[in-house]
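Residue strings, one per chain:
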Amino acid sequence: MHRSVIAGTGAYLPERVVTNDELAKRIETSDAWIRERTGIRQRHLAGPHETAAMMGAAASAAALKDAAATTRDVDAILLATSTPDQAFPATAVRVQAELGVLHGFAFDISAACAGFVYALSVGDSLIRTGQARGVLVIGSEVYSRILNWRDRTTCVLFGDGAGAVFLRAEESRERGILSTHLHANGGLGDILYVDGSVGQPDRPGHLVMNGKEVFRHAVTRLAEAVDEALAANGLSRTDLDWLVPHQANMRIIDSVGRRLGLPPDRVIVTVDRHANTSAASVPLALAEARQDGRIRKGDLVLLEALGGGLTWGSTLVRM
Ligand code: UT7
């Protein structure tokens, strides 16, 4: 049976690091408030040359190298972003050109912070149905360009970066993506959104969030999502080796970890150093934990994310 195996992971973070104290010089906030409410200590912010395509291509090149794959192995490129370089062509197509991939197809997926989990589900489907044997799945974001830097309730929470995985079709009963579950509730579109777009005259748009409401839904929906993933696979909480959660807020991450009965050292955390990088947060965390040797071949890993839409979902994978 064809399974989508995560054969390689890669990451790119902008060079510029901005601490909470640096932000506190420009806006009315403090390191103590940001740390206590969110766990964030710093974030990477993109320079002018660092776009979603540029960062996505860099993370993808690293993922291909990690998988010992070449551009000839890439049949499809799926890129999750809410901050594309242009309305079109898709940022995924820009990445295709940047990498020098000369065949196959590429498109973007828009599901805010759940974008990577959505893209992984589509990539897995392409492999299972035989439409592709090698798929790059990328999350790449430059939220610094859609933040309202005068709104302290949102601008301290986000950072920029990109993460990528290379999915390879393998005949395997053990390894690979075991399940994906996606959800959306458009009725909650007004609690986290961007108030403009390239299609609107004179309104590029800024991120707007009702943090308390999003927090409340995140804790409930993500708890349901992890239970759903385990039940669908006939697994129990003790079978899990790692949780790789969306990195929005340490308090949300802790609550999902507790729900799963996982000790904190089995939960991958990057929010302290990356802040919330939206669709890039899960692949960045996964890449870090694979690169430093924590997540190993054979480990059972649960990925989950929730974001604007609302959109949310999970992926259960045997590495
Ligand atoms: O990735 C997509 C999903 N997004 C999320 O999951 C985010 C979910 N939400 C959250 O993480 C939290 O709701 C926040 C971190 C955004 C906010 O935490 P909170 O505990 O809900 O704080 P709050 O909004 O209730 O604000 C508490 C106080 C307010 O002051 P008053 O009204 O109590 O006097 C705010 O004005 O903190 C004030 N405040 C700040 N103070 C210093 C808000 N932002 C700041 C700030 N610095 N940056």
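You'll find the structure just up there.
Since we're looking at a predicted model, the values are computed, not measured.

### Concerning the pairing of strand E7 (residues 160-171)
Consecutive residues of a regular strand have side chains that alternate between opposite faces of the sheet. Across the 12 residues that make up E7, a large majority, nine, are buried. Where strand E1 (residues 2-12) meets E7, 10 bridges bridge the pair, whose relative direction is antiparallel. Note on E7: the bridge partner recorded for valine 5 is arginine 168. Sheet analysis places strand E6 (residues 134-142) next to E7, joined by nine bridges and oriented antiparallel. Within the sheet, the bridge partner assigned to leucine 136 lies in E7 and is phenylalanine 166.

### A look at the site of the ligand
Near the ligand you find 23 residues, and of these Thr29, Arg37, Lys212, Asn249 and Asn276 are the closest. Separating a nitrogen atom of the ligand from a side-chain N or O atom of threonine 29 is a distance of 2.7 Å. In this structure, a nitrogen atom belonging to the ligand sits 2.9 Å away from a main-chain N or O atom of arginine 152. Surface burial for the ligand is 74%, taken as the share of its 970 Å² of free accessible area covered by protein chains. Mapped by element, the contributors of at least two residues to the shell around the ligand are helix H2 (31-38), helix H6 (152-155), helix H7 (211-232) and helix H8 (250-259). No other element matches the four residues that H7 contributes to the shell around the ligand. For the shell around the ligand, a count of residues per class yields 11 nonpolar, seven polar and five charged. Residues lining the shell around the ligand come from more than one domain, with at least three contributed by each of domain 1 (2-171) and domain 2 (176-318).

Rules used in this analysis
Residues numbered from 1 in each chain as written. Predicted model: local features only at pLDDT ≥ 70, side-chain atom pairs only at ≥ 80, totals over all residues. Heavy atoms only, no water. Buried < 20%, exposed > 50% of the residue type's maximum accessible area, 1.4 Å probe, protein only. Helix = DSSP H or I, 4+ residues; strand = E, 2+ residues; numbered from the N terminus. Pairing = 2+ DSSP bridges. Near = heavy atom within 4 Å. Polar contact = N/O pair within 3.5 Å; in protein donor to acceptor, adjacent residues only side chain to side chain. Areas by Shrake-Rupley, 256 points an atom, 1.4 Å probe, with all protein chains shown as cover. Nonpolar A, V, L, I, M, F, W, Y, C, P; charged D, E, K, R; others polar. Domains from an automatic or database assignment.

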